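Chain by chain, the residues:
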Amino acid sequence: MTNTISILGSTGSIGRQTLDVAEQLGLRVAALTANSNVERMEAQCRKFQPRLAAMTEKSAAAELKIRLQDTPVKVLAGTDALAEAAVLPEADTVVTAVVGMVGLKPTLAAIRAKKRIALANKETLVCAGELVMDEAEHWGAEIVPVDSEHSAIFQCLQGCADRREIRRLILTCSGGPFRGMSRKEVGKMTKADALRHPNWTMGPKITVDCSTLMNKGLEVIEAMRLYRLPLKQVSVMVHPQSIVHSMVEFRDGAVLGQLGTPDMRLPIRYAMTYPERGENPAPPLDLLNSPPLTFLEPDRATFPCLRLAEEAAQEGGTACAVLNGANEEAVRLFLAEQIGFYDISDLVADARTAVSVRQNPSLEEILEADHAARAAVKSAYSRSHA
């Protein structure tokens, strides 16, 4: 059971919902970090009174420091400050809710400080999963997933002491806003269309990833790393209702699934209270008034990002870091309305071809692969718009 938390990425969707849960559970907040949203960070600091607040954007940190000069909150600047927030002695749990590779180093710092990691930053395991899991095992740090799908699997595996009992993990996904459309129809979709997720309210980057199905591909890789299973034992099903959050099929044919309303506060709460279950004031799932539950095979032809992720997972090494870095850069261009929807998968595929893959990489090689993938996308974009 958690008593005190540090939140990396407190102004984003997961961070804000974590603070809601922390308030309901009566948890103390030791540290908050964000990128540049000074107004929201100031409000959070005044309400929760953390010892430390960090902004990765230095100008934002300078402004926050002025705004909070009448409080005892210590304000730090830059990405290195995330690691300081992650290792505060009084925090027993670190919620990693930042988006992207920026979460890797502070997560490793928290692991080495033997914290519980409430992991919502999937890129950490996508890019450096084997290294991170080895570090967690070495230092005795506990990783509890916050993503709804991985939380569901984590819950279904309670009591499963032998991983050989698992036949496969079944990750569910809504199919995103373009589910059921043809490739021709999807090709006409805009940024505004991609940001209209049918079931969940999330940040823009992850919402776009859901529209391309890249998010599900990243989750496949994350599941492989969390549970040390090969790709053949991790599958994906489209489940439009987002009620069955994921399932585990065991070797005797039994299938266990975790059901719940599409509310991220549920897996966040479980990550805070595990191995216990805290009382939840929100209304529970009403099965009598739920729609019929349906399951479909994902359309990898219309949504090639899922296939690209599975191919990177099969290749291993730095292939997943290349995939993730290229996708982050391509999605940034899409959100800036500089490229079209299918340019995302095209740029990721080009980067996968352009950047060499190294097996059994060090942390430095993983970071180099990420940098090279981003550079490859920028170069390809520049050439196409010359």
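Residues numbered from 1 in each chain as written. Predicted model: local features only at pLDDT ≥ 70, side-chain atom pairs only at ≥ 80, totals over all residues. Heavy atoms only, no water.

1. Notes on the pairing of strand β10 (residues 244-250)
No. 1: Taken across its seven residues, β10 has seven buried, putting it largely inside the fold.
No. 2: Strand direction decides the pairing type here: strand β8 (residues 166-173) and β10, joined by five bridges, are antiparallel. Looking at the pairing, Leu171 lines up with Ser246 of β10.
No. 3: Two elements, β10 and strand β11 (residues 255-259), share five bridges in a ladder whose sense is antiparallel. Counterpart to Val244 in the pairing with β11 is Leu259. (Buried < 20%, exposed > 50% of the residue type's maximum accessible area, 1.4 Å probe, protein only. Helix = DSSP H or I, 4+ residues; strand = E, 2+ residues; numbered from the N terminus. Pairing = 2+ DSSP bridges.)

2. A word on the nonpolar core
Across soluble globular proteins, nonpolar side chains show a tendency to be buried alongside one another.
No. 1: By size, the foremost hydrophobic cluster in this structure holds 126 residues, and its most contacted members are Ile143, Leu169 and Leu323.
No. 2: At 10 residues, the largest contribution of residues to this core is made by helix α14 (residues 319-335).
No. 3: Look past the residues within four positions of Leu169 in its chain and what remains in contact with it is Ile153, Ala223, Tyr227, Leu229, Gln233, Val234, Ser235, Met247 and Val248. (Core = buried A, V, L, I, M, F, W, Y, C linked by side-chain atoms within 4.5 Å. Contact = heavy atoms within 4.5 Å.)

3. Considerations on the state of the cysteines
No. 1: For the structure shown, the criterion picks out zero disulfides.
No. 2: We note that Cys156 lacks a disulfide partner, and the nearest cysteine sulfur, in Cys160, lies 11 Å from it.
No. 3: With no disulfide of its own, Cys210 lies 8.3 Å from the sulfur of Cys173, the closest cysteine sulfur.
No. 4: Judged by relative accessible area, Cys210 falls into the buried class, the value being 12%. (Disulfide = S-S within 2.5 Å.)

4. What to know about the packing of helix α6 (residues 122-139) against α14
No. 1: Between α6 and α14, the least distance of the axes is 7 Å, while the angle of their chain directions is 140 degrees. Considering the angle they form, α6 stands oblique to α14. Contacts between α6 and α14 involve Glu123, Val126 and Cys127 from the former and Cys320, Ala321, Asn324 and Glu328 from the latter.
No. 2: A class-by-class count of the residues in the contact of α6 with α14 yields four nonpolar, one polar and two charged. (Axes fitted to C-alpha atoms, helices over the stretch in contact; angles between N-to-C directions. Parallel < 35°, antiparallel > 145°, perpendicular 65-115°, else oblique. Nonpolar A, V, L, I, M, F, W, Y, C, P; charged D, E, K, R; others polar.)

5. A few points about the packing of aromatic side chains
No. 1: Across all of its chains, the model carries six aromatic pairs by this definition.
No. 2: Centre to centre, the rings of Phe154 and Tyr270 are 6.3 Å apart; their planes meet at 65 degrees, and the pair counts as edge-to-face. One end of the pair, Phe154, is in helix α7 (residues 148-156); the other, Tyr270, is in helix α12 (residues 265-273), with 116 residues separating them in the sequence.
No. 3: Take Phe154: its relative accessible area is 13%, and that puts it in the buried class.
No. 4: Residue Tyr270 is classed as buried on the basis of its relative accessible area of 7%.
No. 5: An aromatic cluster is present here, built from Phe178, Phe334, Phe341 and Tyr342 joined pairwise through their rings. (Phe/Tyr/Trp six-rings, centres within 6.5 Å; stacked < 30°, edge-to-face > 60°.)

6. Considering the pattern of salt bridges
No. 1: Enumeration according to the criterion identifies 31 salt bridges in this entry.
No. 2: The salt bridge partner of Arg228 is Asp134, with a shortest N-O separation of 3.0 Å. Linking Arg228 in the loop between α11 (214-227) and β9 (234-238) with Asp134 in helix α6, this pair joins segments that are 94 residues apart in sequence.
No. 3: When its relative accessible area of 44% is taken as the criterion, Arg228 is described as partly exposed.
No. 4: In this structure, Arg167 engages Glu249 in a salt bridge whose closest nitrogen and oxygen atoms are separated by 3.1 Å. Within this pair, whereas Arg167 is found in strand β8, its partner Glu249 is found in strand β10, the two being separated by 82 residues in sequence.
No. 5: Take Arg167: its relative accessible area is 40%, and that puts it in the partly exposed class.
No. 6: Classification of Glu249 by relative accessible area gives buried; the value is 12%.
No. 7: A cluster of three or more residues bridged by salt bridges with shared partners is formed by Glu42, Arg46, Glu63, Arg67 and Asp70. (Salt bridge = Lys/Arg side-chain N within 4 Å of Asp/Glu carboxyl O.)

7. Describing the packing of helix α15 (residues 341-354) against helix α16 (residues 363-384)
No. 1: α16 packs onto α15 with a crossing angle of 120 degrees between their chain directions and a minimal axis gap of 9 Å. Here α16 runs oblique to α15, going by the angle between their axes. The chirality of how α15 crosses α16 is right-handed. Contact residues: Leu347, Ala351 and Ala354 in α15; Ala373, Ala376, Val377, Ala380 and Tyr381 in α16. (Left-handed = near helix turned anticlockwise from the far one by under 90°.)

8. A look at the side chain of Asn324
No. 1: Assignment of secondary structure puts Asn324 in helix α14.
No. 2: Apart from the residues lying within four places of it in its own chain, the contact partners of Asn324 are Met101, Glu123, Val126, Cys127 and Leu218.

9. A closer look at the sheet that holds strand β1 (residues 4-8)
No. 1: Judged by pairing direction, the sheet is parallel, and its seven strands sit side by side in the order β4-β3-β2-β1-β5-β6-β7 without closing on themselves. This sheet does not close on itself; its edge strands, each paired only once, are β4 (74-77) and β7 (142-145). Each adjacent strand pair in this sheet contributes to an overall mean axis angle of 20 degrees, direction not counted.
No. 2: With four bridges joining them, strand β2 (residues 28-34) and strand β3 (residues 52-55) adopt parallel strand pairing. Along β3, the bridge assignment pairs Thr33 with Ala54.
No. 3: Relative to the sheet, α12 contacts β1, β5 (93-96), β6 (116-119) and β7, its axis offset from that of β6 by approximately 175 degrees.

10. Remarks on the environment of Leu288
No. 1: Looking at the element boundaries, Leu288 is found in the loop between α12 and α13 (304-315).
No. 2: Leu288 sits in the exposed class, given a relative accessible area of 82%.
No. 3: Note: C-alpha distance between Leu288 and Cys320 (32 residues apart in sequence) is 42 Å.

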